[in-house]
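One letter stands for each residue in the lines below.
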Amino acid sequence: MAGWGSFSIFFPVYLCAECDISYAQVGILVAAPLVVGIFSGTLWSLASDAIGKRKPFLVQSAILLSLFTFAVTLVSTFEGFLFLGLLRAIATPIPEGLIVATLFGSSGHRTWGTAYSRLAIWGSLGWATATTIAGILARVFDTYKVTMYFATLLFCTAIIPSLKISEAPKETRAELPYPVRRRTDSGYLVIMREIMGNKKIETLFLFSFPLILAMNAAGKFFPIYLDSLGGSSILIGLAFAVASLLEIPIFLHVGKMSDRIGARKPLLIFSSGAYGLLYLLVALIPNPLLLFFMYISISPLAWPSFITGSTTLISEALPSDKWVTGQNLFNIWMWSIGGIFGPLIGGFISETLGLRITFVIASIFGVTSMALLRWIRERNSPRDRYS
């Protein structure tokens, strides 16, 4: 998470500020690799579920991400960045689903919300530390390229704990909301059809999609927007760093609260509304310092609620032998499908109507998801939920 924080926040700014890449081209460079990642990420996830191993794929992901973030410093053209992005998408497993499946495989299902929240704290700490240091480094060396070198170092460091991860013990029938069943048909399309045929999964995917588009569009162009308003690299880094640190107590609270009431839908509704308000205020506030304080006030409330609610909802709806695939399908839906169309929409709107209008549209999308997510059917009784 630290490596991804340094890279994802500053890569769009690096492209625009130092490589003369247009807003529309930034959208394409973000979106194109994700088209490939939809297929390759799913195959890597299915392979992990098929052999029952997470560790080898986590190590592979850390190694390839470190190579990619270094390689982007060696090119400066749109075509070069596009080639590297596509190559990374083909070869790199998606680490988030692997990590979540490892966590849930080693904890009881009735405390998944709490367990995920505790794990997310480390992601927030890594993200906050990395974005702060990366912003300072960019200011000291007067180039955003140094943030790519820093991300490379962090991904290389991540190889070490990936090698030390112990595979979760084999799940037992008594510990899981679903019994572990022997798979009679291991066809990839059959497995994916079983997952996507789950009504709860289906409605989560569809109703959260407007918000996912907003998150991807706004997430990629908010650092660029701050830079265009005269915000320094340190301010950009601190905006994401402070927000990540403030997420820590929120993660602990929402996980425990969600486990206590046995429901995830309230978190999703609240998060969508918070994002809608956040993006509207971004569009209305032209001062980078005021934007900083506004962002760190609202963002820490929105993200923990959304990711805790959606992640636990998915694992509750699926048997353990489909956890990695289920989690990574949602990651693909969120960061690949949404990551394709969100930045493309954001890039096109920013290029033609201006950056501010991008956030107005994002706000509308967030409110739309807030209205739709009310229709997810979720029972509070664990017995009903797992029947």
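Please read these numbers as outputs of a predicted model, since none were measured by experiment.

## Focus on the overall build of the chain
Looking only at helices and strands, the chain features 15 helices and 0 strands. Counting the 387 residues in the chain, one finds 57% classified as buried. At a minimum sequence separation of 6, the contacts of the chain that also span at least 24 residues come to 85%. Split by element, the accessible area of the chain, about 16300 Å² in all, is 68% carbon and sulfur.

## Brief notes about the nonpolar core
By size, the foremost hydrophobic cluster in this structure holds 95 residues, and its most contacted members are Tyr279 and Phe330. The element that contributes the greatest number of residues to this core is helix α9 (residues 199-228), accounting for 16 residues. Not counting residues within four places of it along the chain, the set of residues in contact with tyrosine 279 comprises Ala214, Met215, Ala218, Phe359, Ala362 and Ser363.

## Some remarks on the packing of aromatic side chains
If you walk through the whole model with that rule in mind, you get 21 aromatic pairs. Connected via pairs of aromatic rings, a cluster forms that spans Trp4, Phe7, Phe11, Tyr14, Phe68 and Phe81.

## Comments concerning the environment of threonine 312
Within the secondary structure, threonine 312 sits in helix α12 (residues 288-317). Along the sequence, threonine 312 and valine 100 sit 212 residues apart, while their C-alpha atoms lie 9.6 Å from each other. From its side chain, threonine 312 meets the backbone oxygen of glycine 309 in a polar contact 3.3 Å long.

## Some points on α12
Between the first and last C-alpha of α12 there are 42 Å, a value that for 30 residues agrees with the 44 Å anticipated at 1.5 Å per step. Counted residue by residue, α12 has 24 buried out of 30 residues, so it is predominantly covered. Two or three places before leucine 289, at the opening of α12, asparagine 287 has a side-chain oxygen 2.9 Å from that residue's backbone nitrogen.

## Quick word on the side chain of serine 8
As for its position among the elements, serine 8 is in helix α1 (residues 2-18). With relative accessibility at 8%, the residue serine 8 sits in the buried group. Of the polar contacts made by the side chain of serine 8, one reaches the backbone oxygen of tryptophan 4; its length is 2.7 Å. Filtering out sequence-adjacent residues up to four positions away, serine 8 remains in contact with Trp127 and Lys220.

## Structural notes on the confidence of the model for the chain
Should the pLDDT be low somewhere, the predicted coordinates at that spot are not to be read in detail. Of all residues in the chain, 86% have pLDDT values of 70 or greater, and the mean over the chain is 83. Across the chain, helix α14 (residues 355-372) holds the top mean pLDDT of 95, while helix α15 (residues 382-385) sits lowest at 40.

## Focus: the environment of phenylalanine 330
Of note, phenylalanine 330 is situated in helix α13 (residues 323-352). Placed 19 residues apart in sequence, phenylalanine 330 and threonine 311 show a C-alpha to C-alpha distance of 8.4 Å. Contacts of phenylalanine 330, omitting those with residues within four sequence positions, involve Leu204, Phe205, Ser208, Ile212, Phe306, Ser310 and Ile314.

## Thoughts on the packing of α1 against helix α2 (residues 23-51)
Viewed as axis vectors pointing N to C, α1 and α2 meet at an angle of 140°, and their least axial separation amounts to 10 Å. Comparing the axis directions of α1 and α2 gives the class oblique. Like other packed secondary-structure pairs, α1 and α2 cross with a definite hand, here right-handed. On α2, the residues that touch Pro12, Leu15 and Cys16 of α1 are Tyr23, Val26 and Leu29.

## Some points on a nonpolar patch on the surface
Taken together, the side chains of Leu353, Ile357, Val360 and Ile364 make up a nonpolar region of the molecular surface, amounting to roughly 330 Å² of accessible area. For leucine 353, the position within the fold is in the loop between α13 and α14. In this structure leucine 353 comes out as exposed when scored by relative accessible area, which is 60%.

## Observations regarding α14
Because the α-helix completes a turn every 3.6 residues, residues three or four places apart line up on one side. In a regular helix each residue adds 1.5 Å, so 18 residues correspond to 26 Å; α14 covers 27 Å between its end C-alpha atoms and thus fits that length. For α14, the set of buried residues is Leu355, Thr358, Phe359, Ala362, Ser363, Gly366 and Ser369. Relative to the axis of α14, the buried residues are bounded by an arc of 140° and lie together on one face.

Definitions and limits used
Residues numbered from 1 in each chain as written. Predicted model: local features only at pLDDT ≥ 70, side-chain atom pairs only at ≥ 80, totals over all residues. Heavy atoms only, no water. Helix = DSSP H or I, 4+ residues; strand = E, 2+ residues; numbered from the N terminus. Buried < 20%, exposed > 50% of the residue type's maximum accessible area, 1.4 Å probe, protein only. Contact = heavy atoms within 4.5 Å. Areas by Shrake-Rupley, 256 points an atom, 1.4 Å probe, with all protein chains shown as cover. Core = buried A, V, L, I, M, F, W, Y, C linked by side-chain atoms within 4.5 Å. Phe/Tyr/Trp six-rings, centres within 6.5 Å; stacked < 30°, edge-to-face > 60°. Polar contact = N/O pair within 3.5 Å; in protein donor to acceptor, adjacent residues only side chain to side chain. Expected span 1.5 Å × (residues − 1). pLDDT = per-residue confidence, 0-100. Axes fitted to C-alpha atoms, helices over the stretch in contact; angles between N-to-C directions. Parallel < 35°, antiparallel > 145°, perpendicular 65-115°, else oblique. Left-handed = near helix turned anticlockwise from the far one by under 90°. Patch = residues over 30% accessible without salt bridge, like charges linked within 9 Å, V, L, I, M, F, W, Y side chains within 5 Å. Salt bridge = Lys/Arg side-chain N within 4 Å of Asp/Glu carboxyl O. Arc of directions from axis to C-beta.

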